[in-house]
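Chain and residue survey
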Amino acid sequence: MTSQPSLAKEDSTPDGPVKSQPGSGNGGGDGLQAGLKNRHLSMIAIGGVIGAGLFVGSSSGIKAAGPAILVSYALVGTMVVLVMRMLGEMAAARPTSGSFSAYADQALGRWAGFTIGWLYWFFWVVVLAVEATAGAVILEGWIPAVPQWGWALIVMVVLTATNLVSVGSYGEFEFWFAGIKVLAIGAFVVIGMLAVFGLLPGSDNPGKGFAHLTDAGGFMPEGAGAILTGVLMVVFSFMGSEIVTLAAGESEDPQRAVTKATNSVIWRIGVFYLGSIFVVVTLLPWNDPSIAKDGSYVAALNSIGIPHAGQVMNVIVLTAVLSCLNSGLYTASRMAFSLGQRGDAPKAFARTASNGVPRTAILGSVVFGFAAVWFNYQWPDTVFDFLLNSSGAVALFVWLVICFTQLKMRGIILREEPEKLVVKMWLFPYLTWVTIGMISFVIVYMLYDDAGRKQMLLSLLVGALVLGFSLVREKVRPRQA
């Protein structure tokens, strides 16, 4: 067994990260190590788009838009595919643990990398609290002797330990848990499609083909405007697709991993999101009470006659929650590590142990995660509600920054390392500008939507505060060459 090579580290200049120099991951541990195998990256890429939000949040979207929710998922899916193509272009050429934050630093300026990096870190540490609480609710239902806060603590401690051991242990954990999610959704789509057309032996659902898409008020029973409402309700369940570009920096073959993940994002979104939601709205009328009562996937499984459908889905949701927690802690810590390397976070965040793990960055992220869990139990309707809403629109900000960064990074890569432009954005720059327009429309629409206004305003407030701090800090403490 060969030893793991150290990854190159970024050097910082007034203009942002420049070409990497070799680091040393041994004896002192000042660099990340390439501990993720290709199979880890492949499963992280596939499972990254399947969050717990897909399982527990889709029923609300179906209720709001009816079968037309498929159009909402298709619109958001298209937007994510285009953003991932842009990010894949940059990540394949210059893989780094800072991903889009590091690219924004170089292409747009230090203010951009600092702001979007810290906002992204903030988003994921709040997600840690949300997912830990969701997992604790399920576990308490199975073993009520342990209180909900106890389960949340146990889950957080176990996953922190997993991330501290090595990047390989994170990859192995994610490989199996993402694998369970993928198999579950794949089986659901196959079994569901057979039931839809009456080809599933022993199914309790007679199967009406595509009839349920129009037999309860038409395809758009709530009107065309409901499609946009649906967009707002499903857009945040896609967050996580970009994780593979951060993880690629610790893989054996970053360029190959990013290229493969970027090229496969279309079928992943098509099968897991559109495919599974299509099964739900064709197995049952969109206004069937069981969808709102039991959840869309449980209702679909119950209609077929799958025994103990609720418990089966609880296991799958718990798996998705643990996977999201694991990836969230990994992602937050690597972003903190990258910010530390660039001088935009405490220097301790940029240090790694002898096993190549940024322990301080991990512990710093998990401490905030623990605090957020405590806020959720102590002040759920005030402090935690603020954290939740003020981080909610970060996904849109990240995607928008990726678009503007790619507009400039294309020229930088062509000028400095043209041979590394192995993944290219389609119809550049026209599709990039179209994507910017789509994301901007969603942001503006949220300001006019009663349900989304609070979230967008608070997210803009926090974003403005971080940006303001970055600009003031840059004037007071300019980056040293």
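About the thresholds
Residues numbered from 1 in each chain as written. Predicted model: local features only at pLDDT ≥ 70, side-chain atom pairs only at ≥ 80, totals over all residues. Heavy atoms only, no water. Helix = DSSP H or I, 4+ residues; strand = E, 2+ residues; numbered from the N terminus. Rg over C-alpha atoms; globule rule 2.2 N^0.38 Å. Buried < 20%, exposed > 50% of the residue type's maximum accessible area, 1.4 Å probe, protein only. Contact = heavy atoms within 4.5 Å. Areas by Shrake-Rupley, 256 points an atom, 1.4 Å probe, with all protein chains shown as cover. Lys, Arg positive; Asp, Glu negative; His and termini not counted. Charge placed at Lys NZ, Arg CZ, Asp CG, Glu CD. Axes fitted to C-alpha atoms, helices over the stretch in contact; angles between N-to-C directions. Parallel < 35°, antiparallel > 145°, perpendicular 65-115°, else oblique. Nonpolar A, V, L, I, M, F, W, Y, C, P; charged D, E, K, R; others polar. Expected span 1.5 Å × (residues − 1). Arc of directions from axis to C-beta. Phe/Tyr/Trp six-rings, centres within 6.5 Å; stacked < 30°, edge-to-face > 60°. pLDDT = per-residue confidence, 0-100. Left-handed = near helix turned anticlockwise from the far one by under 90°. Salt bridge = Lys/Arg side-chain N within 4 Å of Asp/Glu carboxyl O.

**Examining the overall build of the protein**
- Looking only at helices and strands, the protein has 18 helices and two strands in total.
- Compactness check: the protein gives a C-alpha radius of gyration of 22 Å against a globular reference of 23 Å for 481 residues, within 12% of the reference.
- For the C-alpha atoms alone, the extent of the protein along its principal axes is close to 70 × 55 × 50 Å.
- For the protein, the proportion of its 481 residues judged to be buried stands at 58%.
- Partitioning the intrachain contacts of the protein with sequence separation of at least 6 by distance along the chain shows that 80% fall at a separation of at least 24.
- Looking at the protein as shown, the accessible area adds up to about 18,900 Å², and 67% of this sits on carbon and sulfur atoms.
- Taking the 30 positively charged and 28 negatively charged side chains of the protein as two groups, their mean positions are separated by 7 Å.

**Focus: the packing of helix α3 (residues 69-93) against helix α10 (residues 254-283)**
- Interaxial distance between α3 and α10 falls to 9 Å at its minimum, and their mutual angle equals 175 degrees. Taken as axis vectors, α3 and α10 run roughly antiparallel relative to one another.
- Taken together, the residues that form the contact of α3 with α10 break down as 18 nonpolar, six polar and one charged.

**Digging into the environment of I180**
- Mapped onto the secondary structure, I180 falls in helix α7 (residues 167-196).
- For the pair I180 and S323, spaced 143 residues apart in the sequence, the C-alpha separation amounts to 9.8 Å.

**Thoughts on the side chain of S59**
- Relative to the helices and strands, S59 is located in helix α2 (residues 52-65).
- Judged by relative accessible area, which is 14%, S59 ranks as buried.
- Once you skip the residues sitting within four places of it in the chain, S59 turns out to touch I291, G295 and S296.

**Observations concerning helix α14 (residues 359-378)**
- With 20 residues, α14 extends 28 Å from end C-alpha to end C-alpha; this agrees with the ideal 28 Å at 1.5 Å per step.
- Turning to α14, its buried residues number three or more, namely A361, I362, S365, V366, G369, A372, V373 and N376. Down the axis of α14, the buried set is contained in an arc of 115 degrees. They therefore lie on one face.
- For α14, the elements touching its buried residues are α5 (110-142), α6 (148-165), α13 (309-341) and α15 (383-391).

**A few points about the packing of aromatic side chains**
- One pass over the structure, following the stated rule, counts 22 aromatic pairs.
- When the ring of F175 is compared with that of W176, the centres are 5.1 Å apart and the planes differ by 90 degrees; the resulting orientation is edge-to-face.
- Residue W176 is classed as exposed on the basis of its relative accessible area of 53%.
- Relative to Y297, the ring of F188 has its centre 4.9 Å away and its plane inclined at 50 degrees; by these criteria the two rings are tilted. A residue pair is termed long-range when its members are at least 10 positions apart, and F188 in helix α7 and Y297 in helix α12 (residues 296-304) qualify at 109 residues.
- Residue classification places F188 among the buried positions, given a relative accessible area of 8%.
- Using a relative accessible area of 1% as the deciding quantity, one classes Y297 as buried.
- Pairwise contacts between aromatic rings join F100, Y120, F123 and W124 into one cluster.

**Topic: the confidence of the model for the protein**
- In the predicted model, the protein carries a mean pLDDT of 85, and 92% of its residues have values of at least 70.
- When pLDDT is averaged over each element of the protein, helix α16 (residues 394-416) comes out on top at 95 and strand β1 (residues 12-13) at the bottom at 38.
- Low confidence marks residues 1-30, where pLDDT is under 50. Its contacts with residues over four positions away, or in another chain, come to 68 contacts.

**Some remarks on the packing of α13 against α14**
- Contact geometry for α13 and α14: axes closest at 8 Å, N-to-C directions at 120 degrees. Of the possible angle classes, the one that applies to α13 and α14 is oblique. Classified by chirality, the crossing of α14 by α13 is right-handed. Residues L329, A332, S333, R334, A336 and F337 of α13 pack against A361, I362, S365 and V366 of α14.
- Grouping the constituent residues of the contact of α13 with α14 by class yields seven nonpolar, two polar and one charged.

**Brief notes about the pattern of salt bridges**
- Tallying each qualifying case throughout the model produces 10 salt bridges.
- A salt bridge links R334 to E250; the shortest N-O distance between them is 2.8 Å. One end of the pair, R334, is in helix α13; the other, E250, is in the loop between α9 (243-247) and α10, with 84 residues separating them in the sequence. The residues R334 and E250 share a single accessibility class, namely buried.

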